[in-house]
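# Descriptive analysis of the structure
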Amino acid sequence: MVHQHDESTANEVSTTTQLPSYGSSEEPRVYKVGCPPQKNFAREFRDTLRETFFHDNPLRQYKDQSGSAKFMMALQFLFPIFEWGRCYNLRKFKGDLIAGLTIASLCIPQDIGYSKLANLDAQYGLYSSFVPPLIYAAMGSSKDIAIGPVAVVSLLIGSLLQNEVDPVKNKEEYLRLAFTATFFAGITQAALGFLRLGFLIEFLSHAAIVGFMGGAAITIALQQLKYVLGIKSFTKKTDIISVMRSVWTSAHHGWNWQTIVIGITFLAFLLLAKYIGKKNRKFFWVPAIAPITSVILATLFVFITRADKQGVQIVNHIKKGINPSSVHKIYFTGPFVAKGFKIGVISAMIGLTEAVAIGRTFAALKDYQLDGNKEMVALGTMNIAGSMTSCYIATGSFSRSAVNFMAGCQTPVSNIIMSAVVLLTLLVITPLFKYTPNAILGSIIISAVIGLVDYEAVILIWKVDKMDFIACMGAFFGVVFASVEIGLLIAVSISFAKILLQVTRPRTVLLGNLPGTTIYRNTDQYPEARHIPGVVIVRVDSAIYFSNSNYVRERTLRWLTEEEEKAKAEGQSKINFLIIEMSPVIDIDTSGIHALEDLYKNLKKRDIQLILANPGSIVMEKLLSSKLNEHIGSNNIFLTVADAVRFCTRKSIQEP
C-alpha cells in the first residue's frame, strides 16, 4: 500500500510539473505571476534596515531570557573571555603557553624593526605589543590572531606622518601626531563595528589588496637596504626609483662592508629557516625562533668585535620600563586634529582589512564563526587604549598569526603570554639590545615581508578576471613607483570603478531554446540553442536602476534591431514579440520603470508586443504601484519564458 501511494504521488507530481514539448495534445498547467502583499512604508523601511545592518539577527539569543541572563549574555558578547574562560583548562593553557612564547620570540625583534618603519623609537614597537594584545584577548573573538605592529601599517603611518611633520627636526610633534592618528584609528574601527558598518571594508577588493600588499612588501624590503648596506644618508621617499638612486649614489663611499656581511649572512639564515618551516610543518618553531636567535648572535658578534667602532650602525639605547601615559600628548584641538583624523582613518581601514582577512582565514581552518563587527569593536578599543599608553596602531599580524596557529594556540591567552614576555623585555632585557646591529633588524623585516608577495594569487587573478588583474597591478605599481598612499588610492579607485562599470553596464544576453526541452539559455554559452521564429528573448542580468536604465533600454533595442536585420537577411518571419526574462532583475526603481515604459512605447510604434517573464516580487510590486502592468497588459506577464513563448506561438498561428 505504501509503495502504491508513493508511486501515485510521483506520477501526480510528474504530470503537474513537467512541461510537454510543443505540439503535444496534453495542455500544461500555466501559473500566473503572483502579486506580493502590500507593505506599508514603516514595515518596508524596518525590513530593509534589518537586512542591511542586522542580517545575522544578533538579538535572537536574548529572546525569552531573564534580565540577569540577558546581562550575562551581553557581557559575554562584549567580552568573549567570560564565555570561553569558563571552560578553560590546563590542556588549553599548555597549547597557549607554547604558542605565546613562540610568537613572543618572533614579535620582539619585529617590533623593534617595525617601529623604525614608522619613524619611531624602538620602545614604541614593544609598547604596542604589550597593552593592545591584553585588551584584544578580553574582547576579540578570534582564537588565532596575534596582535601587534605590522609592516604594512607601520610603513603607511610612517609615510603619511612624515608628509606632515619631520620626524627628526620635530620629533615631539611627530610622536604626538602618531598617538593622535592611533586614537582616531581606534575610534574609526570601533565605530564601524558598533554601527555594524563592517561591509564598508569589503569595497576594497581582494585583488586590490593582493596588489597593495605585494607593492608594500617590495617597498618595505627596499627601505631596509639602508640598514643592510649601512647607508647613513638615505632618501625619505618610498618609490623604487628614489630608493635605488639613493642606494647607487652612496655605493662608493656610503656602504659598510661589515654591515653588509652581517645583513646578508643573517638574511640567508632567516630565509633558510623559513624554507625549513614551510617544507615541514613539524619544524614551525624554526622560523619562529630564527629572528630572536639572529638578534642574539648578531648582538654578541658586534659586542665582542666592537664592530660599532668600524661603522656598523647599532640600535643604541632602548628606553627601559612599561608604557608611560600619553593621554596628554593626543591632539584634541588645533590644526593637527584634522591631519591625525585623516591618517587614522586610512590606517584604520588597512588595519581592519588585514586583521579581518587573517581572522576569517584561520576561523575557516578551525571551523568556527568570526563576528566581523565584534572584531572591529575589539580592534578599535585596543587602539584607543593604545593611543593613551604610548602605542601606535596595532592589528593582526599574518606571520605571527600563522606561527600562533601552527604552534597550537587554543584561545587568545597566547596573546596574554606574548604580552607578558614583552613586559619582561621592557622591564629587564631592553639594555641588552644596545649593541644590536640595525642590519639584523633590516634582515628580519625583509624575511618577514617576502611572504606578502603572493605571486600565486596574482596568477590566479589573471586567469579568473582580467579586470581584477588590472586592479591588482594598478595597486602594486602605484605603491612601488609612486608612494604607499598613491597605491592605496589607485586600489580604491579601481575597485570602485569596477563596481560602477558593473552597475552602469550590466550584462544582457540573447536566449534560445535548447532542442527537446522548454529550457531557454544564453546562445553564446549554448550555440545549439535555437531562436524562436518571430520572437526575440533578452535576459537582463542585473537590477535596473537610474544608473543603467537607459543602457538596458538601448541595449535591448539593439538586440532587437540586430535580430530583425538577421531575420530579414535570412528571409524569416517578422519579429512580433520581445520577451524580457526578468529572473535576475532583483529590483527596479522609478528610472527603470520609465525605461520599460519608453521601451513599451517604442515597440508599440514598431508593432511589436512587449512581454515580461518571471518578474520577482519586488519588481512586480513596483509594476503594480506604477500601473505599468496595465499598459503592458497583465496577460502579457508570464511566470516562465516557456509560457511566454507558447503564448507568442499560438498568437502567431491565430493571426493571419
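Residues numbered from 1 in each chain as written. Predicted model: local features only at pLDDT ≥ 70, side-chain atom pairs only at ≥ 80, totals over all residues. Heavy atoms only, no water.

### Notes on the overall build of the protein
Spelled out, the test is: The secondary structure listing takes helices from DSSP runs of H or I that are at least 4 residues long and strands from runs of E that are at least 2 residues long, numbered from the N terminus. Buried, partly exposed and exposed residues are distinguished by accessible area as a fraction of the type maximum, computed with a 1.4 Å probe on protein chains only: under 20%, between the cut-offs, and over 50%, respectively. Contact definition: two residues touch when any of their heavy atoms are within 4.5 Å. Computed with the Shrake-Rupley method and a 1.4 Å probe, the accessible areas treat only the protein chains shown as cover for residues. Only four residue types enter the tally: Lys and Arg on the positive side, Asp and Glu on the negative side; His and the chain ends are excluded. Each charge is placed at NZ for Lys, CZ for Arg, CG for Asp and CD for Glu.
In terms of helices and strands, the protein carries 27 helices and 8 strands. Every one of the 656 residues in the protein was classed for burial, and the buried ones make up 51%. For the protein, contacts bridging at least 24 residues in sequence account for 81% of all contacts bridging at least 6. Summed over its atoms, the accessible surface of the protein is roughly 32,100 Å², and 62% of this surface lies on carbon and sulfur atoms. For the protein, the distance from the average position of its 64 positive side-chain charges to the average position of its 50 negative side-chain charges is 10 Å.

### With respect to the environment of L426
Relative to the helices and strands, L426 resides in helix α18 (residues 413–429). Between the alpha carbons of L426 and K226 there is a distance of 27 Å; along the sequence they are 200 residues apart. Those residues in contact with L426 that sit more than four places away from it in its chain are L126, Y127, F130, K320, G321 and N323.

### With respect to the UniProt feature "domain: STAS" (unreviewed entry) in the protein
Selection criterion: UniProt positions are given in the numbering used here, feature names are shortened, and annotations may be inferred rather than shown by experiment.
The feature "domain: STAS" (unreviewed entry), as annotated in UniProt, sits at residues 525–648 in this numbering. Within the segment residues 525–648, helix and strand shares are 48% and 15% respectively, and the terminal C-alpha atoms sit 24 Å apart.

### Examining the domain arrangement of the protein
Note the following rule: These domain boundaries are the output of an automatic or database domain assignment.
Parsing the protein into structural domains produces domain 1 (80–494) and domain 2 (505–652). One C-alpha centre belongs to domain 1, the other to domain 2; they are set 54 Å apart.

### Things to note about the environment of E375
Stated formally: Each polar contact in these results corresponds to two N or O atoms within 3.5 Å; when the atoms are within protein, one needs to be able to donate a hydrogen and the other to accept it, and residues that are neighboring in sequence are counted only if both atoms are side-chain atoms.
For E375, the position within the fold is in helix α16 (residues 372–387). Classification of E375 as buried rests on a relative accessible area of 2%. Taking C-alpha positions, E375 is 9.0 Å from Q189, a pair spaced 186 residues apart along the chain. The contacts of E375, once residues within four sequence positions are left out, are Y136, G140, S141, S142, I145 and L370. Within the structure, E375 has its side chain in polar contact with the side chain of Y136 (distance 2.6 Å).

### Regarding the packing of aromatic side chains
In this description, an aromatic ring pair is defined by two values, namely the gap between the centres and the angle between the planes. Selection rule: Here a Phe, Tyr or Trp ring, Trp counted by its six-membered ring, pairs with any other such ring whose centre lies within 6.5 Å, and the pair is stacked when the planes are under 30 degrees apart, edge-to-face when over 60, and tilted otherwise. Working rule: Lys NZ or Arg CZ, within 6 Å of ring centre, within 35 degrees of ring normal, means a charge sits over the ring.
Enumeration over the complete set of coordinates arrives at 17 aromatic pairs. Feature note: the residues F183, F184, F332 and F341 constitute an aromatic cluster, connected by ring pairs. Here K143 stacks its cationic end above the ring of Y368, 4.8 Å away from the centre of that ring. Taking the ring centre of Y331 as reference, the NZ or CZ of R176 above it sits at 4.1 Å.

### So, the sheet that holds strand β3 (residues 508–513)
In a beta sheet, neighbouring strands pair by backbone hydrogen bonds and run either parallel or antiparallel. Applied cut-off: Strand pairing follows a simple DSSP-based rule, namely that at least 2 bridges must link the two strands. Angles run from 0 to 180 degrees between N-to-C directions of axes, and those axes are lines fitted to C-alpha atoms, restricted for helices to the stretch in contact.
Strand order in this open sheet of 6 strands is β4-β3-β5-β6-β7-β8, and the pairing throughout is mixed. The open sheet has two edge strands, β4 (520–522) and β8 (637–638), and neither has a second partner. Pairing geometry for strand β5 (residues 535–540) and strand β6 (residues 577–581), over 5 bridges, is parallel. In the sheet register, V538 faces β6, and the bridge partner there is I580. Packing of helix α27 (residues 641–654) onto the sheet brings it into contact with β4, β5, β6, β7 (609–613) and β8, and relative to β6 it is tilted by some 175°.

### A look at the packing of helix α20 (residues 455–464) against helix α21 (residues 466–481)
Formally: Amino acids outside the nonpolar list (Ala, Val, Leu, Ile, Met, Phe, Trp, Tyr, Cys, Pro) and the charged list (Asp, Glu, Lys, Arg) are all regarded as polar, and Gly is one of them.
One way to put it is that α20 packs onto α21 with a least axis distance of 6 Å and a crossing angle of 140°. Residues V458, I461, W462, K463 and V464 of α20 lie in contact with α21, whose contacting residues are K466, D468, F469, C472 and M473. Residues of the contact of α20 with α21, tallied by class, amount to 7 nonpolar, no polar and 3 charged.

### Let's talk about α21
The line we're drawing: A helix is expected to reach a length of 1.5 Å times the quantity of its residues less one.
The end-to-end C-alpha distance of α21, which contains 16 residues, comes to 22 Å, matching closely the 22 Å that a straight helix rising 1.5 Å per residue would cover. Within α21, burial applies to D468, A471, C472, M473, G474, A475, F476, G478, V479 and V480. Contact partners of the buried residues in α21: α10 (206–223), α12 (240–249), α20 and α22 (484–504). With a side-chain oxygen positioned 2.9 Å from the backbone nitrogen of M467, the residue opening α21 is D465.

### As for a nonpolar patch on the surface
Where we set the bar: Here the term patch refers to residues with relative accessible area over 30% and no salt bridge, with like charges joined within 9 Å and nonpolar side chains (Val, Leu, Ile, Met, Phe, Trp, Tyr) within 5 Å. Should a side-chain nitrogen of Lys or Arg be within 4 Å of a carboxyl oxygen of Asp or Glu, the pair is scored as a salt bridge.
Residues F199, L200, F203, V492, F496, I499 and V503 make up a contiguous nonpolar surface patch of about 490 Å² in total accessible area. Along the polypeptide, F199 turns up in the loop between α9 (171–194) and α10.

### Notes on the environment of Q609
Inspection of the secondary structure assignment puts Q609 in strand β7. Residues Q609 and N576 lie 33 residues apart in sequence; the distance between their C-alpha atoms is 6.2 Å. Setting aside chain neighbours within four positions, we find Q609 in contact with N576, F577, L578, I632 and N636.

### Quick look at the nonpolar core
Grouped burial of nonpolar side chains is what soluble globular proteins tend to show. So the rule is basically this: For our purposes a nonpolar core is just a set of buried Ala, Val, Leu, Ile, Met, Phe, Trp, Tyr and Cys residues, chained together by side-chain atoms within 4.5 Å.
Core analysis: the largest hydrophobic core is formed by 111 residues, its most contacted members being L120, I157, F212, I220 and I350. With residues up to four places along the chain from it excluded, the contact list for F212 reads V152, I350, A475, F476, V479, V484, G487 and L488.

### Notes on helix α8 (residues 151–162)
For an α-helix, the turn length of 3.6 residues means that residues three or four places apart are oriented alike. Taking 1.5 Å of rise per residue, 12 residues should cover 16 Å, and α8 covers 16 Å from first to last C-alpha, within 8% of that figure. Among the 12 residues of α8, 11 are classified as buried, and the element is accordingly described as predominantly covered.

### As for unusual backbone geometry
In this structure, N119 is a non-glycine residue whose phi angle is positive, near 60°. With respect to the secondary-structure elements, N119 resides in the loop between α5 (90–117) and α6 (122–127). Of note in the backbone geometry, N316 takes a positive phi value of approximately 70° without being a glycine. Structurally, N316 is set in the loop between α14 (285–305) and α15 (336–366).

### Focus: the pattern of salt bridges
Under the defined criterion, the tally for this structure stands at 19 salt bridges. For K366, the salt bridge goes to D144, with nearest N and O atoms at 2.8 Å. Residue K366 is located in helix α15, and its partner D144 is located in the loop between α7 (131–139) and β1 (146–148); the two are separated by 222 residues in the primary sequence. K366 sits in the partly exposed class, given a relative accessible area of 29%. For R553, the salt bridge goes to D598, with nearest N and O atoms at 3.9 Å. Of this pair, R553 sits in helix α23 (residues 549–569) while D598 sits in helix α24 (residues 590–605), and the two are 45 residues apart along the sequence.

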